[in-house]
Amino acid sequence: MSVSDPVADMLSKIRNASMARHESVDVSSSKGKLEIIKIMKSEGYIANFKEIEVNNFPYLRIFLKYDEKNNPVLHGLERVSTPGRRMYSGYKDMPRVYNGFGTLIVSTSKGITTGKKAAENKVGGELICKMW
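The model shown is predicted, which means the values in this text are computed figures rather than measured ones.

For the rest of this paragraph, the subject is the environment of Met10. Within the fold, Met10 resides in helix H1 (residues 6–19). With relative accessibility at 0%, the residue Met10 sits in the buried group. Counting along the chain gives 19 residues from Met10 to Ser29, while the straight-line C-alpha distance between them is 9.5 Å.

Now for the side chain of Arg79. Here Arg79 shows up in strand E4 (residues 77–79). A polar contact of 3.1 Å, which involves the side chain of Arg79, links it to the side chain of Asp5. Here Ile128 takes part through its backbone oxygen, which lies 3.1 Å from a polar atom of the side chain of Arg79. Each residue touching Arg79, except ones within four places of it in the same chain, is listed here: Asp5, Val7, Ala8, Leu11, Arg86, Ile128 and Cys129.

What follows deals with unusual backbone geometry. One non-glycine residue, Arg21, lies in positive phi territory at about 60°. Examined against the element boundaries, Arg21 turns out to sit in the loop between H1 and strand E1 (24–28). The exposure class of Arg21 is partly exposed, given its relative accessible area of 39%. In this structure, Asn56 takes a positive phi of about 65° despite not being glycine. Positionally, Asn56 belongs in the loop between strand E2 (46–54) and strand E3 (57–64).

The subject of this paragraph is the packing of H1 against helix H2 (residues 31–42). It is at 11 Å that the axes of H1 and H2 come closest, and there the two elements cross at 35°. Between H1 and H2 the crossing geometry is right-handed. Within the contact between the two elements, H1 uses Pro6, Val7, Met10 and Ile14 and H2 uses Lys33, Ile36, Ile37 and Met40.

Counting residues in hydrophobic clusters, the biggest one holds 24 residues, and the most contacted among them are Ile14, Ile37, Met40, Ile62 and Met131. Counting residues per element, the ones that place at least two in this core are H1, E1, H2, E2, E3 and strand E8 (125–131). Setting aside anything within four residues of it in sequence, one finds Ile62 in contact with Ile14, Glu23, Ser24, Val25, Val27, Ile37, Ile46, Asn48 and Phe49. Membership of the second largest hydrophobic core comes to 8 residues, among which are Val80, Met94, Leu104 and Leu127.

Attention now moves to the pairing of E2. As paired elements, E2 and E3 share 8 bridges and run antiparallel to each other. Counted as the bridge partner of Ile46 is Leu64 from E3.

Turning next to the pattern of salt bridges. One pass over the structure, following the stated rule, counts 6 salt bridges. Where Arg79 meets Asp5, a salt bridge forms, and the shortest distance between an N and an O atom there is 3.1 Å. Linking Arg79 in strand E4 with Asp5 in the segment before H1, this pair joins segments that are 74 residues apart in sequence. Note that Glu78 and Lys130 form a salt bridge whose closest N and O atoms lie 3.7 Å from each other. One end of the pair, Glu78, is in strand E4; the other, Lys130, is in strand E8, with 52 residues separating them in the sequence.

Cut-offs and rules
- Residues numbered from 1 in each chain as written.
- Predicted model: local features only at pLDDT ≥ 70, side-chain atom pairs only at ≥ 80, totals over all residues.
- Heavy atoms only, no water.
- Helix = DSSP H or I, 4+ residues; strand = E, 2+ residues; numbered from the N terminus.
- Buried < 20%, exposed > 50% of the residue type's maximum accessible area, 1.4 Å probe, protein only.
- Polar contact = N/O pair within 3.5 Å; in protein donor to acceptor, adjacent residues only side chain to side chain.
- Contact = heavy atoms within 4.5 Å.
- Axes fitted to C-alpha atoms, helices over the stretch in contact; angles between N-to-C directions.
- Left-handed = near helix turned anticlockwise from the far one by under 90°.
- Core = buried A, V, L, I, M, F, W, Y, C linked by side-chain atoms within 4.5 Å.
- Pairing = 2+ DSSP bridges.
- Salt bridge = Lys/Arg side-chain N within 4 Å of Asp/Glu carboxyl O.

This is the structure in structure tokens:
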């Protein structure tokens, strides 16, 4: 079955595995997904990731992060722009997630980055997802 929104599918898999307290989750790989995962790791929402190959297809194995009470570090993960409703923002109007405590991932002309870095570099773009 083909997926119409691969990024939303990846985010749902991560959200569901985190709520079920799984150690890791495997998602199909692409350049855009890899950049989103790198941002999630640098912001501290996941423990680690590695690129693997299953039946000659590239996958990303994402290791989820939990606190000392085994509660997920990732409290929420939400897709903002969808194939049916694209959402864009200029750098002056970049939305904040949970008053600055969350992270917004933006696809800009200079690559996929966080909302804070996009505003600092004075570039706008498509709002991919937000996490807190």
